[in-house]
Amino acid sequence: MPRGDKSSYTDKQKRQAEHIESGYEDRGVPKDEAERRAWATVNKETGGGKKSGSGRGKPENHEPSRKGGRIGGATAASRTAAERSASARKGAETRKRNAAARAHH
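Nothing here was measured: the structure is a model prediction, and the numbers come from that model.

1. Remarks on the overall build of the chain
Helix and strand content of the chain: five helices and zero strands. At 19 Å, the chain has a C-alpha radius of gyration far larger than the 13 Å of a compact globule built from 105 residues. Evaluated residue by residue, the chain yields a buried proportion of 17% over its 105 residues. The long-range share in the chain, meaning contacts at least 24 apart out of those at least 6 apart in sequence, stands at 42%. A total of about 8300 Å² of accessible surface is found on the chain, and carbon and sulfur atoms cover 51% of it. For the chain, the centre of its 25 positive side-chain charges and the centre of its 14 negative side-chain charges are spaced 5 Å apart.

2. Details of the packing of helix α1 (residues 11-26) against helix α2 (residues 31-46)
The interhelical angle for the contact between α1 and α2, taken along N-to-C directions, is 135°, at an axis separation of 8 Å. Relative to α2, α1 is oriented oblique. The two elements α1 and α2 meet at a crossing, and its hand is right-handed. Every residue of α2 that contacts α1 at Gln13, Lys14, Gln16, Ala17, Ile20, Glu21, Tyr24 and Glu25 is listed here: Lys31, Ala34, Glu35, Arg37, Ala38, Trp39, Thr41, Val42, Glu45 and Thr46.

3. A look at the pattern of salt bridges
Within the structure shown, the criterion is met by six salt bridges. A salt bridge links Arg37 to Glu33; the nearest nitrogen and oxygen atoms lie 2.9 Å apart. Here Glu33 and Arg37 lie together in helix α2, a separation of four residues that amounts to about one turn. Relative accessible area serves as the criterion here: at 30%, Arg37 is assigned to the partly exposed category. The class for Glu33 is partly exposed, based on a relative accessible area of 23%. The closest approach of N and O atoms between Arg66 and Glu63, which form a salt bridge, is 3.0 Å. Taken together, the positions of Arg66 and Glu63, both in helix α3 (residues 63-71) and three residues apart, correspond to about one turn of that helix. Note on Glu63: relative accessible area 32%, which makes it partly exposed. Residues participating in the shared-partner salt-bridge network are Glu21, Glu25 and Lys31.

Here is what the cut-offs are and how they apply
Residues numbered from 1 in each chain as written. Predicted model: local features only at pLDDT ≥ 70, side-chain atom pairs only at ≥ 80, totals over all residues. Heavy atoms only, no water. Helix = DSSP H or I, 4+ residues; strand = E, 2+ residues; numbered from the N terminus. Rg over C-alpha atoms; globule rule 2.2 N^0.38 Å. Buried < 20%, exposed > 50% of the residue type's maximum accessible area, 1.4 Å probe, protein only. Contact = heavy atoms within 4.5 Å. Areas by Shrake-Rupley, 256 points an atom, 1.4 Å probe, with all protein chains shown as cover. Lys, Arg positive; Asp, Glu negative; His and termini not counted. Charge placed at Lys NZ, Arg CZ, Asp CG, Glu CD. Axes fitted to C-alpha atoms, helices over the stretch in contact; angles between N-to-C directions. Parallel < 35°, antiparallel > 145°, perpendicular 65-115°, else oblique. Left-handed = near helix turned anticlockwise from the far one by under 90°. Salt bridge = Lys/Arg side-chain N within 4 Å of Asp/Glu carboxyl O.

Worth remembering: the numbers are spatial, not functional.
Structure representation (C-alpha cells):
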C-alpha cells in the first residue's frame, strides 16, 4: 500500500481527521500542513488504520487532542507585550513580502 493511502482507515477515522483539519484551518494553518497534523493526531489516538476482526481493537487515547489545546498560547503568555508586538509586526511584514513575491510569479 503506497504512503498516503487512506483505504485502511475507518469512516470514523476519516471523519475525525476532517474535523481536526478544519479546526486547524480555522486557526490559519495552511491546508497541507493542517491535513498532515490531522492525520498525525488520528494515528496517535487510534494507532493508525484499523483492520476488522474480533479482538483487534485498542482503546483510543484522546490525550494528543487535549495536549494541543493545553499547550496553545503558552509561549505567547510567557512573553512581554513588547515582544509579542514586535513578533506580530515581523510576521505581518513577512506575509506582505511573500504575497508580493507570489504576485510576481
